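Coordinate analysis (summary)
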Amino acid sequence: MTEENKRSDLLLVGDEFAPLEFYVTPEFSENYLHAVEDHHPRYTEGPGAIVHPALLIVFSNNTRSPSFSLDPGTAAIQTHELVEYHAPGRVGSTFHVTFRVVDTYEKRGRPYQVVEAPVVDENGAPIITRTTTYTYVGGPYPRIGS
Amino acid sequence: MIPLTPDVEVGFRVTGPVKTATPYLTRLFSGGWPRTEDWPAKNVHTDEEFARATGLSGRNASGAMMQGYLAELMVDMFGEGWLSGGSFSLKFVHQVGMDDSVTAEATVTGLSNSGQGIAVELDVSCKNQHGEVVTVGTAMGIIDAS
């Protein structure tokens, strides 16, 4: 069930963020090659140019979901990450990401939310599967380091 | 490129290039859809005021950016094949501040035969310019022994 009107830090097991679809143009790809200073030709040359893994990771964060929302002064922070790489993504492809909460727990007063986010290409082929643990800071939540 | 070969041994260690999380590169990475009116999106990675409002000491680089550095190292070590079967398990243990310099490294901890080649287990980390570990975990990859 997609919980489009619920504050993101309140989503529980089984809840979903709205899915995201994005198309990777060569310009979009190059933006991320600059950001991580990785200019290997495998990411730019030819019709089979690969999308840098960093782009696929940052655009499958729960914060990229169209339904992601928090109160002002609150933010999501990644704490743990499991990533399985299934196949290279290709520049010029459209990618589809779904986000489902698979666990929530509290540790030392801090809330944690585990989100599974498979990324598939336009043919439905699996590209990466992420299982990311987020915590929330600001607002009612403890400061980082406290 | 530091390709692993079938005669690699446990203890073999590889260090990636030093990357500096400058304010500009961090904004490029975490600012959302590039070349739009809304760029850069305001978040804890792109906006000092936003970050401080959540109780953080200031802007920080995204954990996804550290994953990008580590993925570059893995693809350098295993080749593009790492993107079809490689994996990470990571923990983000310290914030990466603006202009911090980060180095990704990997150490081979285990080798075994798999149906596809030699399965390699690694300890991986990103360390800042003070030698502090900011991201730590494990990775898996396959060396094609054919």
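In this text, all values refer to a predicted model and were calculated from it rather than measured experimentally.

1. Topic: the overall build of chain B
Summing up its helical and strand segments, chain B has 3 helices and 5 strands in all. In sequence order, chain B lays out its α and β elements as β-α-α-α-β-β-β-β. Taken along the three principal axes of its C-alpha coordinates, chain B extends 50 × 35 × 20 Å. Buried residues in chain B amount to 42% of all 146 residues. Residue pairs at least 24 apart in sequence account for 61% of intrachain contacts in chain B once pairs closer than 6 positions are excluded.

2. A short note on the overall build of chain A
The helix and strand tally for chain A stands at 2 helices and 5 strands. Each helix and strand of chain A, ordered N terminal to C terminal, gives the series β-α-α-β-β-β-β. For chain A, the C-alpha radius of gyration of 16 Å lies close to 15 Å, the compact-globule estimate for 146 residues. Seen along its three principal axes, the alpha-carbon backbone of chain A occupies a region of about 50 × 30 × 25 Å. Across the 146 residues that make up chain A, the buried fraction comes to 38%. Considering only intrachain contacts with a sequence separation of at least 6, the fraction spanning at least 24 residues in chain A is 66%.

3. Things to note about helix 3 (residues 63-78) of chain B
All names here are of chain B. The first and last C-alpha atoms of helix 3 sit 22 Å apart over 16 residues, in line with the 22 Å expected at 1.5 Å per residue. Buried residues dominate helix 3, accounting for 16 of its 16 residues. Positive backbone phi, approximately 85 degrees, marks Gly79, located one or two places after helix 3.

4. What to know about the confidence of the model for chain B
Residues and elements named next belong to chain B. When the pLDDT values of chain B are averaged, the result is 93; 99% of them are 70 or greater. Within chain B, the element-level pLDDT minimum falls on helix 2 (residues 48-53), averaging 91, and the maximum on strand 2 (residues 87-92), averaging 98. Prediction confidence for the complex, expressed as pTM and ipTM, is 0.93 and 0.92 respectively.

5. Structural notes on the interface of chain A and chain B
The partner chain B presents 33 residues to the 34 residues of chain A that form the contact. When contributions to the side of chain A that touches chain B are tallied by element, the ones reaching two or more residues are helix 1 (26-36), helix 2 (53-58), strand 2 (74-85) and strand 5 (126-138) of chain A. A per-element tally of the side of chain A that touches chain B places strand 2 of chain A first, with 10 residues. Residue classes in the side of chain A that touches chain B are distributed as 17 nonpolar, 11 polar and 6 charged. Inspection of the sheet shows strand 2 of chain A paired to strand 2 of chain B by 5 bridges, in the antiparallel sense. Across the sheet, residue A:Glu81 finds its bridge partner in strand 2 of chain B, namely B:Leu90.

6. Quick word on the environment of B:Gln116
Residue and element names in this part refer to chain B. Among the structural elements, Gln116 can be located in the loop between strand 3 (101-114) and strand 4 (117-127). Taking the number of C-beta atoms within 10 Å as the measure of exposure, Gln116 has 14 and is therefore partly exposed. Sequence separation between Gln116 and Ile142 is 26 residues, and the spatial gap between their C-alpha atoms is 7.2 Å.

7. Considerations on the nonpolar core
Grouped together as the largest cluster of nonpolar side chains are 71 residues, with contacts concentrated most on A:Ala54, A:Leu56, B:Met65, B:Tyr69, B:Leu70 and B:Met74. The leading source of residues in this core is helix 3 of chain B, at 11 residues. Discounting residues that sit within four places of it in the chain, B:Leu70 has contacts with B:Phe88, B:Ala104, B:Val124 and B:Cys126.

8. Here's the deal with the packing of helix 1 of chain A against helix 1 (residues 23-30) of chain B
Each pair of packed helices gets described by two things: the angle between the helix axes and the distance between those axes. It is at 8 Å that the axes of helix 1 of chain A and helix 1 of chain B come closest, and there the two elements cross at 145 degrees. Judged by the twist between their axes, the crossing of helix 1 of chain A over helix 1 of chain B is left-handed. Where helix 1 of chain A abuts helix 1 of chain B, its residues A:Asn31, A:Tyr32, A:His34, A:Ala35 and A:Val36 lie against B:Leu25, B:Leu28 and B:Phe29.

Rules and cut-offs
Residues numbered from 1 in each chain as written. Chains lettered and ligands numbered in written order. Predicted model: local features only at pLDDT ≥ 70, side-chain atom pairs only at ≥ 80, totals over all residues. Helix = DSSP H or I, 4+ residues; strand = E, 2+ residues; numbered from the N terminus. Buried ≥ 20, exposed ≤ 12 C-beta atoms within 10 Å, placed from the backbone. Contact = placed C-beta atoms within 7 Å. Rg over C-alpha atoms; globule rule 2.2 N^0.38 Å. Expected span 1.5 Å × (residues − 1). pLDDT = per-residue confidence, 0-100. Nonpolar A, V, L, I, M, F, W, Y, C, P; charged D, E, K, R; others polar. Pairing = 2+ DSSP bridges. Core = buried A, V, L, I, M, F, W, Y, C linked by C-beta atoms within 7 Å. Axes fitted to C-alpha atoms, helices over the stretch in contact; angles between N-to-C directions. Left-handed = near helix turned anticlockwise from the far one by under 90°.

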